[in-house]
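# Reading the structure
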Amino acid sequence: MRERSGTLETADRPAQMGDFTVIDFLGKKDGVPFDGGEGRDFPLELGSGRFIPGFEEQLQGASAGEERVVEVTFPEDYQAEHLAGEAVTFEVTVKEVKEKKLPELDDEFAETAAGFDSLDELKEDIASRLREREEERIERAFRDAALDAVVAEATIEIPDALIEARGKELWDRMLHQLSHQGISKEIYLQISQKTEEELLAEARPDAEVQLRREAVLKAIVEAEKFEISDDDLLEALAPTAEAQQTKPKKLLERLKSSGRIDEAREDLAQRRALDLVTDEAVAISVAEAEKQGKPFTPEREAEPGA
């Protein structure tokens, strides 16, 4: 929070790690400028690791207006193949050196930054939210571990074609998410330095785990005869409706009009099946888990010998 509220002030001294600099640079390989190696009025925080290893460190001690020659070697796995592993030089002009000033950590900061009366109140609020987030993470991990323990004892045959289809679905879903960040499939493949076939093969284990979990949950739904009514859906949709400032009935109507109502019923039924598995699961102590090599949740220990 202090970092977000910090201000940049001109530093009348040589640059040091943590400072913000404005630089011009020109990269050369064997004395000849290379594509992508030139920048003007480029903002660079020393120590941020944005540039090639060794670049930022060589600007330590430089003052505004100073020119330096920086010598670095591109990593062997650098994405631009014509530069990978190559030694180059950068002619750098440091135009500005700025120091980030952070506000004092006091009651005034707590009020200005977050609307709390005191710093103690702000700290307690942060601690409370971190505790809640960690408890949710632990609960999710426990639920997954409980379900996987059941899956491990279940006899399930998943056809390869189904696993491949789910793996492709996971891959397509990730590409869709990346597209919202401006990252195309071609760029992602270049960054990962892997082929689409290799990435699809890597997705197979996750795809199989998902399918096995779903098969077990569907079997529990059928065995327990879980039936989901409209009232059940309205209750489940209440938190989402509140977040979207609408009514659960409107969300329910949207599901029906879009033809997704059966999918919603199935999803809620599987959540209830997972609740049943979790409620029946018994957590063991950390020491016992390490001894047996079993999954555990530190916050939910069983009685000795359980």
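Here the structure is shown first, and the text comes after it.
The notes below deal with the structure included here. (Residues numbered from 1 in each chain as written. Predicted model: local features only at pLDDT ≥ 70, side-chain atom pairs only at ≥ 80, totals over all residues. Heavy atoms only, no water.)

Another aspect to go through is the pairing of strand β5 (residues 87-101). Here strand β1 (residues 7-10) runs beside β5; their pairing, made up of four bridges, is antiparallel. Along β5, the bridge assignment pairs glutamate 9 with glutamate 99. Where strand β2 (residues 20-29) lies against β5, nine bridges are found, and the strand directions are antiparallel. Following the sheet pairing, lysine 28 is matched in β5 by threonine 89. Pairing between strand β4 (residues 67-73) and β5: seven bridges, direction antiparallel. (Pairing = 2+ DSSP bridges. Helix = DSSP H or I, 4+ residues; strand = E, 2+ residues; numbered from the N terminus.)

Our focus in this paragraph is a positive patch on the surface. Side chains of Lys247, Lys249, Lys250 and Arg254 sit close together on the surface and give a patch of like positive charge. The residue arginine 254 is located in helix α8 (residues 248-257) in this model. Judged by relative accessible area, which is 45%, arginine 254 ranks as partly exposed. (Patch = residues over 30% accessible without salt bridge, like charges linked within 9 Å, V, L, I, M, F, W, Y side chains within 5 Å. Areas by Shrake-Rupley, 256 points an atom, 1.4 Å probe, with all protein chains shown as cover. Salt bridge = Lys/Arg side-chain N within 4 Å of Asp/Glu carboxyl O. Lys, Arg positive; Asp, Glu negative; His and termini not counted. Charge placed at Lys NZ, Arg CZ, Asp CG, Glu CD. Buried < 20%, exposed > 50% of the residue type's maximum accessible area, 1.4 Å probe, protein only.)

Here the focus is unusual backbone geometry. Peptide bonds are mostly trans, and most non-glycine residues show a negative phi. Phi is positive for aspartate 41, which is not a glycine, with a value near 50°. Looking at where aspartate 41 falls in the secondary structure, it is placed in strand β3 (residues 32-45). One non-glycine residue, glutamine 193, adopts positive backbone phi at about 55°. Mapping glutamine 193 onto the fold places it in the loop between α5 (185-192) and α6 (196-224).

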